[in-house]
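Residue strings, one per chain:
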Amino acid sequence: MTDKMSSPALVVDTKAHILQGARNLTVHQVPLEPFSPMHVQVRIRSVGLSSSDLIYFETHTHNGRPLKAPMIIGKEATGEITALGVMAARTWPHLQVGSRIAIEPSIPCRICHECASGKYNVCVNMRSAANAAREPYVHGFLREYVNWPGEMVHPLPTNIPFDLATLGEPLARVIHAAGRASLQPSTSVAVLGSGLLALLTCAYAKSLGCYPICIIDTDKIRMDVALAQDWASHTYTVPPPPANTSSANIFIARKAVAHTILRERQMISGYETVFETTGSETGTQLAIFLAKRAGKIALMNGTDRFSHYVPLGEAIIREIDLISCHGYSAGEFPKALSFLASGSLGDLASLLTQKVPFAKAEDGFHWLSRNRDAQNKPVIRVIVGPADM
């Protein structure tokens, strides 16, 4: 036993999927990051492929800028502890070799004002797995092993499988957004999007007693999941604009769509709270036109592609609160795991639509890109299994 370690011998390198360029994912044996006394070593058991992972895979860019170095992607993962640093073992005695855990993908500095106030999601020195915002990059979890700070891993309740627990990070984001919007029972809710984040938002709003809940998107098949699970009371399928339609004409069309939705749903005054999960300009346009006067819009995904066709003047005139929601704050990730264990959100396992072995991770990205797998089944959540699957 060394002064760094209080448990079995450390693994020093790992098999990993390395993103070398756009749609260029290759497997290599690479050294693990340095292991500190406050680290735990984790054998990765499940990775959920996220929308940000997909953007890196498809474009090899971060906010439009090319990545400067290869990076391991995959930021929503679970696993089991195989070793603990000596200080990690003393500081977090509930963590042991063999503990089943979920990994928080962010590493806050813990010394800035934001961290001290519990808002480490806006830490000025934040480092995050599979995120190219800062250099050197912190590698993600599409690999066999990782060394990670002990404070950022959480034991799993015994009734949560590894695959289901990968929903902890996106569910924590939903909980954070609902808190920022002060969501209350009986609130009327519209959710824009039909991906994983949108469906989890519907499920969480339903658990709080919100009604009605309308999910709005272009993909009817995925929205129907919310109806089948009783997470939404209504859906509305937005027709995609014709090819080469100008931004100005899309804006006009989206305003007309919003008025149609409100008329058909008999919500003429608008929805009290709108959750915009797509990060798109057209989604934000719809959100503003769907919200009632003095209503709230939770913006849950960012984009750098906004133009002057986002109707901020409309929001100001009707005193709509535009609430930015980034990640999640202290305590919300464990809260998400508790919700998963309770079963109070319904059959969330229905969202785990595909699973591929580690060696076939690239297939999962291609399915996620098309929203359909090789059998043309809808894709909501792709799980990449362990290397020995």
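Here, every reference points to the structure presented above.
Reading the values: rules and limits
- Residue positions are given per chain, counted from 1 along the sequence in the order it is written.
- For a predicted model such as this one, the threshold for reporting local features is a pLDDT of at least 70, and the threshold for listing and counting side-chain atom pairs is 80 or more; totals across whole chains, interfaces and linings nevertheless cover every residue.
- Only hydrogens and water are set aside when side-chain values are computed; all heavy atoms of the structure are taken into account.
- Patch rule: a residue counts if its relative accessible area is over 30% and it has no salt bridge; like charges are joined within 9 Å, and nonpolar side chains (Val, Leu, Ile, Met, Phe, Trp, Tyr) within 5 Å.
- Each accessible area is a Shrake-Rupley estimate made with a 1.4 Å probe; only the visible protein chains count as cover when residues are assessed.
- We count a salt bridge whenever a side-chain nitrogen from Lys or Arg sits within 4 Å of a carboxyl oxygen from Asp or Glu.
- Each residue's exposure class comes from its accessible area (1.4 Å probe, protein chains only) as a fraction of the maximum for that residue type: buried when under 20%, exposed when over 50%, partly exposed otherwise.
- DSSP calls a pair of strands paired once it identifies at least 2 bridges connecting them.
- Each helix is a run of DSSP H or I of at least 4 residues and each strand a run of E of at least 2, with the numbering of both proceeding from the N terminus.
- Angular values range over 0 to 180 degrees, each being the angle between N-to-C directions of two axes fitted as lines to C-alpha atoms, with helices fitted over their stretch in contact.
- Whether two residues are in contact is decided by their heavy atoms: any pair within 4.5 Å suffices.
- Only protein atoms enter the 1 Å grid used here. Points where a 1.4 Å probe fits but cannot escape make up a cavity, open sets with protein on both sides within 12 Å along at least five of seven lines make up a pocket, and a residue lines them when an atom lies within 4 Å of a point.
- Grid points are joined across faces, edges and corners, and a volume is the space filled by probe spheres set on the points.
- Nine residue types can take part in a nonpolar core, namely buried Ala, Val, Leu, Ile, Met, Phe, Trp, Tyr and Cys, and a core is a set of them joined through side-chain atoms within 4.5 Å.
- For this analysis, a polar contact is any N or O atom pair within 3.5 Å, provided that within protein one partner can donate a hydrogen and the other can accept it, and provided that sequence-adjacent residues contribute only side-chain to side-chain pairs.
- Pairing of aromatic side chains here covers Phe, Tyr and the six-membered ring of Trp, requires ring centres within 6.5 Å, and sorts the geometry by plane angle: under 30 degrees stacked, over 60 edge-to-face, intermediate tilted.
- Definition used: whenever NZ (Lys) or CZ (Arg) falls within 6 Å of the ring centre and also within 35 degrees of the ring normal, the charge is taken to sit over that ring.
- Note on angle classes: values under 35 degrees are labelled roughly parallel, values over 145 roughly antiparallel, values of 65 to 115 roughly perpendicular, and the remainder oblique.
- Here a crossing is called left-handed whenever its near helix is offset anticlockwise from the far helix by less than a right angle, and right-handed whenever the offset is clockwise.
- For this classification, Asp, Glu, Lys and Arg are treated as charged, while Ala, Val, Leu, Ile, Met, Phe, Trp, Tyr, Cys and Pro are nonpolar and the rest, including Gly, are polar.

## Examining a nonpolar patch on the surface
A cluster of nonpolar side chains, namely Leu-312, Ile-316 and Leu-322, defines an oily patch on the protein surface of about 290 Å² accessible area. Taking relative accessible area as the criterion, Leu-312 reaches 46% and is therefore assigned partly exposed.

## Some remarks on the sheet that holds strand 14 (residues 234-237)
An order of 14-13-12-15-16-17 is seen for the 6 strands of this open sheet, with the pairing classed as parallel. Among the strands making up the open sheet, the edge pair consists of strand 14 and strand 17 (321-324). Ignoring strand direction, the axes of neighbouring strands in this sheet form an average angle of 20°. Relative to strand 16 (residues 291-299), strand 15 (residues 271-276) runs parallel, the two sharing 5 bridges. Each residue of the ladder has a partner; that of Tyr-271, found in strand 16, is Ala-291. Lying on the sheet, helix 6 (residues 196-207) is in contact with strand 12 (189-192), strand 13 (213-217) and strand 15; it crosses strand 13 at an angle near 175°.

## Describing the environment of Gly-346
Here Gly-346 is to be found in the loop between helix 11 (332-342) and strand 18 (354-356). In this structure the C-alpha to C-alpha distance between Gly-346 and Gln-229, which are 117 residues apart in sequence, comes to 7.1 Å.

## What about empty space enclosed by the protein?
Following the criterion strictly, the structure yields 2 cavities of 30 Å³ or more and no others. By volume, the largest cavity is sized at about 40 Å³. In this structure, the largest cavity is lined by Ile-44, Val-47, Phe-141, Leu-142, Arg-143, Glu-144, Phe-358, Val-384, Gly-385, Pro-386 and Ala-387. A volume near 30 Å³ is recorded for the second largest cavity.

## Considerations on the nonpolar core
Residues Ile-73, Ile-103, Phe-141, Leu-142, Trp-148, Leu-171 and Leu-348 are the most contacted members of the largest nonpolar core, which totals 97 residues. Sort the elements by how many residues they give to this core and helix 6 lands first, with 9 residues. Discounting residues that sit within four places of it in the chain, Leu-142 has contacts with Ala-16, His-17, Val-47, Leu-49, Ile-72, Ile-73, Gly-74, Phe-358, Ala-361, Phe-365 and Val-384. Counting 24 residues, the second largest nonpolar core, distinct from the first, contains Phe-251, Ala-258, Met-267 and Val-274.

## Concerning the environment of Ser-344
Along the chain, Ser-344 falls in the loop between helix 11 and strand 18. Along the chain, Ser-344 and Ala-203 lie 141 residues apart, while their C-alpha atoms are 9.1 Å from each other. Residue contacts for Ser-344: discarding those within four places in its chain leaves Ser-207 and Phe-339. Within polar-contact distance, the side chain of Ser-344 engages the side chain of Ser-342 at 2.8 Å.

## Topic: the packing of aromatic side chains
By the definition in use, this model includes 6 aromatic pairs. Seen from their ring centres, Phe-251 and Tyr-309 are 6.1 Å apart, and the 45° between their planes marks the pair as tilted. Taken together, the positions of Phe-251 in helix 8 (residues 247-264) and Tyr-309 in the loop between strand 16 and helix 10 (312-317) put the pair 58 residues apart, joining distant regions of the chain. Using a relative accessible area of 23% as the deciding quantity, one classes Tyr-309 as partly exposed. With 5.8 Å between their ring centres and 45° between their planes, Tyr-328 and Phe-333 make a pair best called tilted. Residue class for Phe-333 comes out buried when judged on its relative accessible area of 2%. Here a set of aromatic residues connected by ring pairs shows up, and it is made of Phe-251, Phe-289 and Tyr-309. The ring of Phe-162 carries the charged tip of Arg-100 above its face, separated from the ring centre by 4.8 Å.

## Remarks on helix 9 (residues 281-290)
Most of helix 9 sits out of view: 9 of its 10 residues are buried. Residues of helix 9 that are buried: Glu-281, Gly-283, Thr-284, Gln-285, Leu-286, Ala-287, Ile-288, Phe-289 and Leu-290.

## Examining the pattern of salt bridges
A complete count under the given rule lists 14 salt bridges for this structure. With its nearest N and O atoms 3.0 Å apart, the salt bridge here joins Arg-143 to Glu-33. Of the two residues, Arg-143 is situated in the loop between strand 9 (127-128) and strand 10 (145-149) and Glu-33 in the loop between strand 2 (24-31) and strand 3 (39-48); the sequence distance between them amounts to 110 residues. A relative accessible area of 22% means that Glu-33 is categorised as partly exposed. Among the salt bridges present, the one from Lys-75 reaches Glu-169, with a minimum N-O distance of 3.2 Å. A residue pair is termed long-range when its members are at least 10 positions apart, and Lys-75 in the loop between strand 5 (65-66) and strand 6 (76-84) and Glu-169 in helix 5 (residues 168-180) qualify at 94 residues. Glu-169 gets classed as buried once you look at its relative accessible area, which sits at 7%.

## Some remarks on the packing of helix 8 against helix 9
Relative to each other, helix 8 and helix 9 sit at 40°, their axes nearing to 9 Å. Classed by the angle they form, the pair helix 8 and helix 9 counts as oblique. Our pair here, helix 8 against helix 9, has a crossing hand that is right-handed. Along its contact with helix 8, which presents Ile-250, Phe-251, Arg-254, Lys-255, Val-257, Ala-258, Ile-261 and Leu-262, the element helix 9 presents Thr-282, Gln-285, Leu-286, Phe-289 and Leu-290. Split by residue class, the contact of helix 8 with helix 9 holds 9 nonpolar, 2 polar and 2 charged.

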